[in-house]
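# Close look at the chain arrangement
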Amino acid sequence: MKNHILIILLLVSNLIISQNQEVKSKQSNAEIFSNKSGSLIEKQSKEVGKVGKTEIKIVKLTDMISGESISSLRLERRFIDKYTSDTKIASLDTDEISALIKSIEIIRDQVFNFPPENYTEISFRSRSGFEAGCYWNKNIWKPYIQFKKNDRKSLLRLNKPEFLNLLTLIKQAKKELN
């Protein structure tokens, strides 16, 4: 009986530990830094620009006790439907910004100019679950961003000019972060 209880306790503790690791793996380094216990966090936010109602910001987080700091790119949008409203936030670490820029440039230069034969999806995903990409539907490429993975309410369809404006603002933010 004691062995069965011990085995059950071990299984439950392993499940809890793996769920905690899974939650941490879905966060950007900036999100993990800002949630650090035993710290006094100062958050400075600077708006870079907007794509429609989506705000693109640079966020600098500083632990005022240790002096450590980290910066990130933040995309924020308020989604309103018939009964509720919710603000969706995506955070990209500085080491992910170059890959996002390169991805959007490839979509602009290579993907938008060539229609595929079949339904096609192309996407970039950050460690926190932010996604940017496009899909081929009804003979046109349709760009989008999604703030959180598996959250259909955080999906934002863009037109090509908005998608390219997003690229411009992200490049501007990257310059300011360097």
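The structure this text deals with has already been given above.
Heads up: these notes are all about the structure in this document. (Residues numbered from 1 in each chain as written. Predicted model: local features only at pLDDT ≥ 70, side-chain atom pairs only at ≥ 80, totals over all residues. Heavy atoms only, no water.)

For the protein chain, the helix and strand inventory stands at 4 helices and 8 strands. Ordering the α and β elements of the protein chain from the N terminus gives α-α-β-β-β-β-α-β-β-β-β-α. Residue burial in the protein chain is summarised as follows: out of 178 residues, 37% are buried. Pairs at least 24 apart in sequence give 44% of the contacts found in the protein chain among residues at least 6 apart. Accessible surface, the protein chain as shown: approximately 11300 Å² in total, 52% of it carbon and sulfur. (Helix = DSSP H or I, 4+ residues; strand = E, 2+ residues; numbered from the N terminus. Buried < 20%, exposed > 50% of the residue type's maximum accessible area, 1.4 Å probe, protein only. Contact = heavy atoms within 4.5 Å. Areas by Shrake-Rupley, 256 points an atom, 1.4 Å probe, with all protein chains shown as cover.)

Time to look at a nonpolar patch on the surface. Taken together, Leu40, Met64 and Ile65 make up a surface patch of nonpolar side chains, about 330 Å² in accessible area. Among the structural elements, Ile65 can be located in the loop between strand 2 (54-63) and strand 3 (69-80). (Patch = residues over 30% accessible without salt bridge, like charges linked within 9 Å, V, L, I, M, F, W, Y side chains within 5 Å. Salt bridge = Lys/Arg side-chain N within 4 Å of Asp/Glu carboxyl O.)

The next thing to look at is the packing of aromatic side chains. Per the counting criterion, the structure on display carries 4 aromatic pairs. Note on Phe79 and Phe147: the rings are 5.7 Å apart at their centroids and 85° apart in plane angle, and the pair reads as edge-to-face. With Phe79 in strand 3 and Phe147 in the loop between strand 7 (140-146) and strand 8 (155-157), the pair connects residues that are 68 residues apart, well separated along the chain. In terms of burial, Phe79 and Phe147 fall into one category: buried. Relative to Tyr144, the ring of Tyr135 lies with its centre 6.2 Å away and its plane at 45°, an arrangement referred to as tilted. Of the residues examined, Tyr135 reaches a relative accessible area of 14% and is grouped as buried. Geometry around Phe79 places Arg77 over its ring, the cationic atom sitting 5.5 Å from the centre. Here the guanidinium or amino end of Lys160 rests over the ring plane of Phe112, the centre of that ring lying 4.8 Å away. (Phe/Tyr/Trp six-rings, centres within 6.5 Å; stacked < 30°, edge-to-face > 60°. Lys NZ or Arg CZ within 6 Å of the ring centre and 35° of its normal.)

Okay, the side chain of Glu76 next. Within the element layout of this structure, Glu76 appears in strand 3. Side chain to side chain, Glu76 and Arg74 meet in a polar contact 2.9 Å long. (Polar contact = N/O pair within 3.5 Å; in protein donor to acceptor, adjacent residues only side chain to side chain.)

Now for the sheet that holds strand 3. Overall, antiparallel pairing links the 4 strands, which are arranged 1-2-3-4 in an open sheet. Either end of the sheet is taken by a strand with one partner, and the two such strands are strand 1 (41-51) and strand 4 (85-93). Taken pair by pair, the neighbouring strands of this sheet meet at an average axis angle of 25°, ignoring direction. Where strand 1 meets strand 2, 10 bridges bridge the pair, whose relative direction is antiparallel. Each bridged residue has a counterpart across the sheet, and for Lys43 the counterpart in strand 2 is Leu61. Strands strand 3 and strand 4 of the sheet are contacted by helix 3 (residues 94-111), whose axis makes an angle of about 95° with strand 4. The strands that helix 4 (residues 160-177) touches are strand 1, strand 2 and strand 3; relative to strand 1, the one it contacts most, it runs at about 145°. (Pairing = 2+ DSSP bridges. Axes fitted to C-alpha atoms, helices over the stretch in contact; angles between N-to-C directions.)

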